[in-house]
Amino acid sequence: MADDHHEEDRPDYDPEHVELPAREPPLRSTAPQSAFTMSQVGTGLGVLLVGLVLTFGLALALA
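What you are looking at is a predicted structure, and each value in this text was computed from that prediction instead of being measured.

Rules behind the numbers
- Residues numbered from 1 in each chain as written.
- Predicted model: local features only at pLDDT ≥ 70, side-chain atom pairs only at ≥ 80, totals over all residues.
- Heavy atoms only, no water.
- Helix = DSSP H or I, 4+ residues; strand = E, 2+ residues; numbered from the N terminus.
- Buried < 20%, exposed > 50% of the residue type's maximum accessible area, 1.4 Å probe, protein only.
- Areas by Shrake-Rupley, 256 points an atom, 1.4 Å probe, with all protein chains shown as cover.
- Patch = residues over 30% accessible without salt bridge, like charges linked within 9 Å, V, L, I, M, F, W, Y side chains within 5 Å.
- Salt bridge = Lys/Arg side-chain N within 4 Å of Asp/Glu carboxyl O.
- UniProt positions renumbered as here; feature names shortened; annotations may be inferred.

J.: Could you clarify how one ought to interpret the overall build of the protein chain in this entry?
T.: Per the secondary structure count, the protein chain includes one helix and zero strands. Split into buried and exposed, the 63 residues of the protein chain put 8% on the buried side. If you sum the accessible surface of the protein chain, you get close to 5900 Å²; carbon and sulfur atoms cover 63% of it.

Next comes the structure, spelled out in structure tokens:
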């Protein structure tokens with residue numbers, strides 16, 4: 001019952017062609033071994049760097 005997906009209605013998630021669906025979102029896997037584009041990896045690294053700068057930069061500036 002918990003895995004009650006209507007797979008015939010919803011396409012699989014494709015990281016190369018991220019499009020907003022008309023009705024339901026596509027079935028998506030968020031496992032670490034999922035395929036990611038270099039653009040998505042770059043965005044993640046950018047967010048990581050900004051978070052580290054804010055966290056440690058503010059702490060060092062206030063100390």
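J.: Got a minute to help me understand a nonpolar patch on the surface in this structure?
T.: On the surface, Phe-36, Met-38, Val-41, Leu-45, Leu-48, Leu-49, Leu-52, Phe-56 and Leu-60 cluster together into a nonpolar patch covering about 960 Å² of accessible area. With respect to the secondary-structure elements, Leu-49 resides in helix 1 (residues 38-62).

J.: Please explain the UniProt feature "transmembrane region" (unreviewed entry) in the protein chain as it appears in this structure.
T.: UniProt's entry tags residues 41-62 with the feature "transmembrane region" (unreviewed entry), counted in the numbering of this structure. Between the first and last C-alpha atoms of residues 41-62 the distance is 31 Å; the span itself is 100% helix and 0% strand.

J.: What is the right way to look at the side chain of Thr-37 in this model?
T.: For Thr-37, the location among the structural elements is in the segment before helix 1. Overall, the relative accessible area of 14% leaves Thr-37 in the buried class.

J.: Which parts of the structure should I look at to understand the environment of Ala-35?
T.: Mapping Ala-35 onto the fold places it in the segment before helix 1. Ala-35 sits in the exposed class, given a relative accessible area of 55%.

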